[in-house]
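Chain residues, written in single-letter form:
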Amino acid sequence: MFNFILKSKASLAVIGLAIAIASSATAAEVQFTGFTQGRFNANAFANTDSLFNLVYTSSTFDNTTVGGQLDLGGNPTPGTDFNNLGSFTLGAQDQNYNGNTFELMVTFTAPATIVGGTSTIFTDLLIGSVLNGVGGVFIDFDNTVQ
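Residues numbered from 1 in each chain as written. Predicted model: local features only at pLDDT ≥ 70, side-chain atom pairs only at ≥ 80, totals over all residues. Heavy atoms only, no water.

Draft legend 1. View of the confidence of the model for the chain. Residues of the chain with pLDDT of at least 70 account for 68%, and the chain-wide mean is 76. Within the chain, no element has a lower average pLDDT than strand β1 (residues 2-5), which sits at 34, and none a higher one than strand β3 (residues 48-51), at 95. Segment residues 21-26: pLDDT under 50, and six contacts once partners within four positions in sequence are set aside and those in other chains are kept. (pLDDT = per-residue confidence, 0-100. Helix = DSSP H or I, 4+ residues; strand = E, 2+ residues; numbered from the N terminus. Contact = heavy atoms within 4.5 Å.)

Set out below in structure tokens:
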């Protein structure tokens with residue numbers, strides 16, 4: 001099995017945007033809580049979804065900024081994911097993943113200041129292409145500034 005933490009410029013931009021919005025409201029450190037869900041090829045969003053022998057497992061997060069920065073990236077093990085954006089497990093069987101997609105929904109449940117204090121939910125959708133990589137799989141997220 002191959003496990004790794006989902007990291008991309010797009011996912012970091014989502015976190016950065018949320019922190020910037022919350023930080024502009026207050027100089028104090030901010031606690032962020034929420035969860036992720038993923039899906040391959042427009043299936044229903046779920047805590048676990050698979051494409052051939054590639055499995056995505058969602059995560060929850062509950063972390064506080066330090067000096068205006070938030071780090072998510074701990075425990076990249078399916079079933080114990082916490083404080084990251086989820087993980088992938090890749091089986092040993094070769095498959096052709098080219099032409100498939102993966103979408104990650106990041107839902108922030110706190111702080112309320114992310115959305116101006118009128119709601120406690122803020123979501124962002126990251127869309128990526130699933131491609132064959134050398135000895136593995138490459139998930140390429142669109143890094144267009146939004």
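Draft legend 2. Expanded view of the sheet that holds strand β7 (residues 100-110). With antiparallel pairing, five strands are arranged side by side in an open sheet as β5-β2-β7-β8-β9. Every interior strand has two partners, whereas the edge strands, β5 (60-64) and β9 (136-141), have only one. If you compare each strand with its neighbour and ignore which way they point, the axes differ by 30 degrees on average. Bridge analysis of β7 against strand β8 (residues 122-133) gives nine bridges, and the strand direction is antiparallel. In the sheet register, F102 faces β8, and the bridge partner there is G128. (Pairing = 2+ DSSP bridges. Axes fitted to C-alpha atoms, helices over the stretch in contact; angles between N-to-C directions.)

Draft legend 3. Structural context of the pairing of β9. Taken together, the six bridges between β8 and β9 define a ladder with antiparallel strand orientation. Residue S129 lies in a different strand from β9, and its bridge partner there is D140.

Draft legend 4. Inspection of unusual backbone geometry at higher detail. Of note, the phi angle at A42 is positive, near 65 degrees, even though the residue is not glycine. You can see A42 is positioned in the loop between β2 (31-40) and β3. Notably, F52 is not glycine yet its phi reads approximately 55 degrees, a positive angle. For F52, the position within the fold is in the loop between β3 and β4 (54-57). Relative accessible area serves as the criterion here: at 48%, F52 is assigned to the partly exposed category. (Buried < 20%, exposed > 50% of the residue type's maximum accessible area, 1.4 Å probe, protein only.)

Draft legend 5. Looking closely at the pattern of salt bridges. For the coordinates displayed, the defined rule picks out one salt bridge. Between E103 and R39 there is a salt bridge whose closest N-O contact spans 2.4 Å. Here E103 is found in strand β7, whereas its partner R39 is found in strand β2, with 64 residues between them in sequence. Each member of the pair, E103 as well as R39, carries the same accessibility label: buried. (Salt bridge = Lys/Arg side-chain N within 4 Å of Asp/Glu carboxyl O.)

Draft legend 6. Examining the pairing of β4 more closely. Pairing of β3 with β4 involves four bridges; the strand directions are antiparallel. If you follow S50 over to β4, its bridge partner there is V55. Taking the residues that link successive antiparallel strands as the turn, the β3-β4 hairpin has two residues, and the phi of F52 there is positive, at about 55 degrees. Note: β4 against strand β6 (residues 87-90), four bridges, orientation antiparallel. Paired with T57 across the strands is S87, a residue of β6.

Draft legend 7. A look at the environment of T36. Following the sequence through the fold, T36 ends up in strand β2. Taking the relative accessible area as the measure of exposure, T36 reaches 1% and is therefore buried. Expressed as a C-alpha distance, the spacing of T36 and G86, which sit 50 residues apart in the sequence, is 6.9 Å. Setting aside its immediate chain neighbours within four residues, T36 contacts N47, Y56, S58, S59, F61, L85, G86, L104, M105 and V106. Within the structure, the side chain of T36 is placed 3.4 Å from the backbone oxygen of L85, a separation counted as a polar contact. (Polar contact = N/O pair within 3.5 Å; in protein donor to acceptor, adjacent residues only side chain to side chain.)

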